[in-house]
Amino acid sequence: MPEYFKQILHTQLFSVLNIIVGFVSLFLMIKYLHVTEYGEYVLIQGFIAFSGLLFSQNIYSYARLHIPGASEETQYGYLKTVIALVMISYIVIWALVNLLHVEHYVWNFFEISLSLGSIVVFILALELINNELMRFFIAVKKIYLKNYAQFLQKIVVLVGTLVLVYCEKLNILNFLYLFILGQLVVFSIFLININLRSLLNSMIQMDVIKKGYGVAIPLLPIGLMSMALNYTDTLMIAKFVGKESVAQYGFASQIISIAMMMIGTSIVLTLFPYATEAHNKNDVVLRTKFFEKMFSFSFILALIFYMFSSLNARLFIDLMNLHQYNDVPLYLSILALFPIFQSIFNVSSHHLQILKIFKVQVYFAIVVIIENIVLNFYFIRLFGAMGATYASLISYITLAGLYGMVVIKHDSTFYNKLKMNYIKFLIFFMLIVSFGYLSYLFSSNISYLVIANVGLFLFLLMVFYKLKQSGVRSL
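Note that this is a predicted model, so its numbers are computed, not measured.

Draft legend 1. Just the overall build of the protein chain, in detail. Helix and strand content of the protein chain: 19 helices and zero strands. Whereas a compact globule of 475 residues would reach a radius of gyration of roughly 23 Å, the protein chain reaches 22 Å, a difference of no more than 12%. The C-alpha extent of the protein chain, read off along each of the three principal axes, is 60 × 55 × 40 Å. A separation of at least 24 residues holds for 86% of the contacts in the protein chain among residues at least 6 apart in sequence. Of the roughly 21,200 Å² of accessible surface on the protein chain, 68% is carried by carbon and sulfur atoms. Between the centroid of the 30 positive side chains of the protein chain and the centroid of its 20 negative side chains there is a distance of 11 Å.

So, in structure tokens, the structure goes:
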């Protein structure tokens with residue numbers, strides 16, 4: 001069995017474990033936190049994601065193109081350079097915010113309580129460092145370290161949440177302290193596995209400063225586009241509808257985010273270093289095979305998630321007695337389609353990065369950002385929180401279509417590979433979407449749920465067998 005396929009299985013296993021543990025923690029939060037407190041937690045997540053992108057400057061996008069296959073000294077040089085640039089950006093910007101005394105306006109804009117500001121800023125610092133270390137381990141093909149670290153973090157958070165629930169002290173502030181503890185566990189694991197001597201002795205890679213921003217800055221609008229697609233909706237819901245609606249929509253969005261991270265991490269991020277190394281060796285055929293696998297594996301997993309969530313969302317809410325979140329299955333009926341189109345975009349954007357095609361991505365990002373903001377503004381005012389699902393779905397379809405067309409235009413080898421199977425994919429897609437729609441309509445019928453879940457389980461076994469055979473045969 002190829003090494004890359006073992007890494008996919010390893011990541012997939014830990015993704016499932018993370019989902020199980022994460023959902024238990026999530027359940028405890030939505031069960032025992034006040035709805036508005038959970039809504040504020042969703043907004044804090046959005047702030048950290050948005051700020052993380054601005055402070056990181058997207059500079060890792062350049063470094064990860066040069067780390068695979070390089071010497072250890074050079075690899076650690078890139079890590080040192082990236083961490084230094086990111087943390088300098090963080091320190092300078094927050095120093096200016098405090099010197100100008102504008103922190104109050106920042107927290108008001110993001111709908112976050114001023115009293116939580118300091119702890120959120122500290123969480124952001126830990127998040128920045130851990131993210132860069134995580135990206136480094138992925139680039140050097142040690143994604144299993146990320147898997148272990150994230151799993152232990154979720155275990156710490158789960159155990160701590162159980163203790164807080166038992167002591168009747170679960171509130172947003174205590175949960176944030178617990179979140180910091182989990183981040184410190186992740187940092188400790190990464191630190192143990194870093195060769196500190198090599199890191200300290202490595203030289204700053206000046207090409208990151210001289211050439212890196214030529215890659216990172218054009219990609220910044222693309223990152224902002226991702227933020228717009230994932231967090232503009234919740235921010236507008238908070239301003240136009242209220243934090244209770246943010247909590248419901250945020251709960252559904254959290255499920256979708258987990259699915260997209262699971263698919264993107266286990267497939268695309270695992271295979272991208274292999275594709276990068278093949279590209280650096282001018283092996284176009286091998287590079288194309290890896291991108292073909294990224295596309296087919298992630299697309300199939302996204303369809304499976306859509307089937308599973310459409311089938312069981314209402315049952316889950318009823319079984320967990322979460323009546324204050326009764327709108328979640330309705331939101332998921334649309335939101336669960338996101339990973340399908342996001343997988344197309346994710347593979348395509350990585351493909352364009354490796355081909356060093358950046359300018360057109362900037363134009364696409366600006367178009368989609370504007371489209372998403374305008375659609376959310378009008379749809380949320382017209383349809384409430386449900387309008388955000390329509391706005392974001394249209395934006396994801398636009399995004400996937402634009403990126404897919406550019407990849408087809410610039411990589412004829414990849415296009416010829418996909419051309420042989422696109423009709424199968426289209427038929428498969430239509431059948432799965434029809435199944436998902438029927439599942440939502442008949443989700444209150446127990447007989448249908450039992451039969452459909454058994455059929456879905458058998459289908460998953462067949463897909464897993466096919467993927468395994470494909471992975472063993474192809475490389």
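Draft legend 2. Seen up close, unusual backbone geometry. One non-glycine residue, H101, lies in the positive phi region at around 55°. Here H101 is to be found in the loop between α4 (72–99) and α5 (103–109). For E168, which is not glycine, the phi dihedral falls at a positive 55°. The topology assignment puts E168 in the loop between α7 (143–166) and α8 (172–193). Since its relative accessible area comes to 75%, E168 is described here as exposed.

Draft legend 3. The nonpolar core, seen in detail. Ranked by size, the top nonpolar core spans 150 residues in total, and within it Y38, Y90, W94, M225, F251, Y325 and I340 carry the most contacts. When residues of this core are assigned to their parent elements, the largest contribution, 17 residues, is made by helix α12 (residues 284–319). Contact partners of Y90, with chain neighbours within four places excluded, come to F55, V121, F122, L124, A125 and L128. Counting residues in each nonpolar core, the second largest holds five residues, with F14, L28, F151 and L158 among its members.

Draft legend 4. Just the pattern of salt bridges, in detail. For the coordinates displayed, the defined rule picks out three salt bridges. Taking the shortest distance from any N to any O, the salt bridge between K239 and E111 comes out at 3.1 Å. Of this pair, K239 sits in helix α10 (residues 206–240) while E111 sits in the loop between α5 and α6 (117–139), and the two are 128 residues apart along the sequence.

Draft legend 5. Quick look at empty space enclosed by the protein. Using the criterion set out here, one finds three cavities of 30 Å³ or more in the structure. Computed from the structure, the second largest cavity encloses a volume of approximately 100 Å³. If you go around the second largest cavity, the residues you meet are Y60, A63, R64, I67, Y78, L79, V82, E132, R135, F136 and A139. It is α6 that provides the largest number of residues to the lining of the second largest cavity, a total of four residues.

Scoring rules and cut-offs
The residue count restarts for each chain, going from 1 along the sequence in the order it is written. Note on the predicted model: pLDDT of at least 70 is required for a residue's local features to be given, and 80 or more for side-chain atom pairs to be given and counted; whole-chain, interface and lining totals, by contrast, use all residues. Hydrogens and water are ignored here; the side-chain numbers use all heavy atoms of the structure. Numbering of helices and strands runs from the N terminus, with a helix taken as a DSSP run of H or I at least four residues long and a strand as a DSSP run of E at least two residues long. Every radius of gyration here is taken over C-alpha atoms, with the globule rule written as 2.2 Å times N^0.38, N being the number of residues. Between two residues, a contact is recorded if the distance between any of their heavy atoms is within 4.5 Å. In these tables, accessible area is a Shrake-Rupley quantity obtained with a 1.4 Å probe, and a residue counts as shielded only by the protein chains included in the view. Just so you know, the count uses Lys and Arg for positive and Asp and Glu for negative, and it drops His and the chain ends. In this description, the location of a charge corresponds to atom NZ of lysine, CZ of arginine, CG of aspartate or CD of glutamate. Partly exposed describes any residue whose relative accessible area lies between the buried limit of under 20% and the exposed limit of over 50%, with all areas from a 1.4 Å probe on protein chains only and scaled to the type maximum. We define a nonpolar core as any set of buried Ala, Val, Leu, Ile, Met, Phe, Trp, Tyr and Cys residues linked to one another through side-chain atoms lying within 4.5 Å. Salt bridges are counted wherever a side-chain nitrogen of Lys or Arg sits within 4 Å of a carboxyl oxygen of Asp or Glu. Here a cavity means grid points, on a 1 Å grid over the protein atoms only, where a 1.4 Å probe fits yet cannot get out; a pocket means an open set of points with protein on both sides within 12 Å along at least five of seven lines; lining residues are those with an atom within 4 Å of a point. Grid points are joined across faces, edges and corners, and a volume is the space filled by probe spheres set on the points.

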